[in-house]
Amino acid sequence: QVQLSESGGGAVQAGGSLTLSCAASERTFSRYARGWFRQPPGREREFVASISWIGATTSYADSVKGRFTISRDNAKNTVYLQMNSLKPEDTAVYYCAVAPIGGRSAAGWIYWGQGTQVTVSS
């Protein structure tokens, strides 16, 4: 069974940094886009960032632009989300996902991880 395994979540103070990782159990999706979504308490799941297989083109939500960086390691079949200058409003469950073509809507992302909690305190 192909699985996405997320790690790196935790609790940090505002202004701190955290790096999330998402490793695939197989290389089945090596040509697919990778992305990160998050679901804050009491809110709907929202787009955070994505990276394409072709040219490693990145896209970011306006709320995280300049603070978060998405990257990938093809050899390890792993995608990362480096989060800097964290704010309390970044608190959410973060999910990694895979899609044939990346987009800002959750629709079209065909494989999802189980999520990892990120908590940012004031």
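Structure: see above.
Notes on the structure follow. Counting restarts for each chain, with residues numbered from 1 along the sequence as it is written. Under the rules for a predicted model, residues below a pLDDT of 70 receive no local features and side-chain atom pairs below 80 are neither given nor counted, while totals for whole chains, interfaces and linings still include all residues. The side-chain numbers reported here are obtained from all heavy atoms of the structure, hydrogens and water having been left aside.

Quick look at the sheet that holds strand β3 (residues 18-24)
Okay, so step 1: Here, strands pair whenever DSSP counts at least two bridges between them. We count a stretch as a helix when DSSP gives it H or I for four or more residues in a row; a strand needs E for two or more, and each element gets its number in order from the N terminus. The strand order β1-β3-β8-β7 describes an open sheet built from 4 strands, whose pairing is antiparallel. Either end of the sheet is taken by a strand with one partner, and the two such strands are β1 (4-7) and β7 (68-73). Adjacent strand axes in the sheet meet at a mean angle of 15 degrees, parallel and antiparallel pairs treated alike.
Okay, so step 2: Two strands pair when backbone bridges link them, and β1 and β3 are joined in this way by 4 bridges, in the antiparallel orientation. Throughout, an axis means a line fitted to C-alpha atoms (over the contacting stretch in the case of helices), and angles, computed between N-to-C directions, take values from 0 to 180 degrees.

Notes on the pairing of strand β4 (residues 33-39)
Okay, so step 1: Across the 7 residues of β4, 6 count as buried, placing the element largely inside the fold.
Okay, so step 2: Two strands pair when backbone bridges link them, and β4 and strand β9 (residues 92-99) are joined in this way by 7 bridges, in the antiparallel orientation. Its bridge partner being in β9, Trp36 is matched across the sheet by Cys96.
Okay, so step 3: Here β4 runs beside strand β5 (residues 46-51); their pairing, made up of 5 bridges, is antiparallel. Across the sheet, residue Arg38 finds its bridge partner in β5, namely Glu46.
Okay, so step 4: Hairpin connection between β4 and β5: a loop of 6 residues separates the two successive antiparallel strands, and Gly42 in this loop has a positive phi of roughly 70 degrees. Think of it in three bands: with a 1.4 Å probe and only protein chains considered, a residue is buried below 20% of the maximum accessible area for its type, exposed above 50%, and partly exposed in between.

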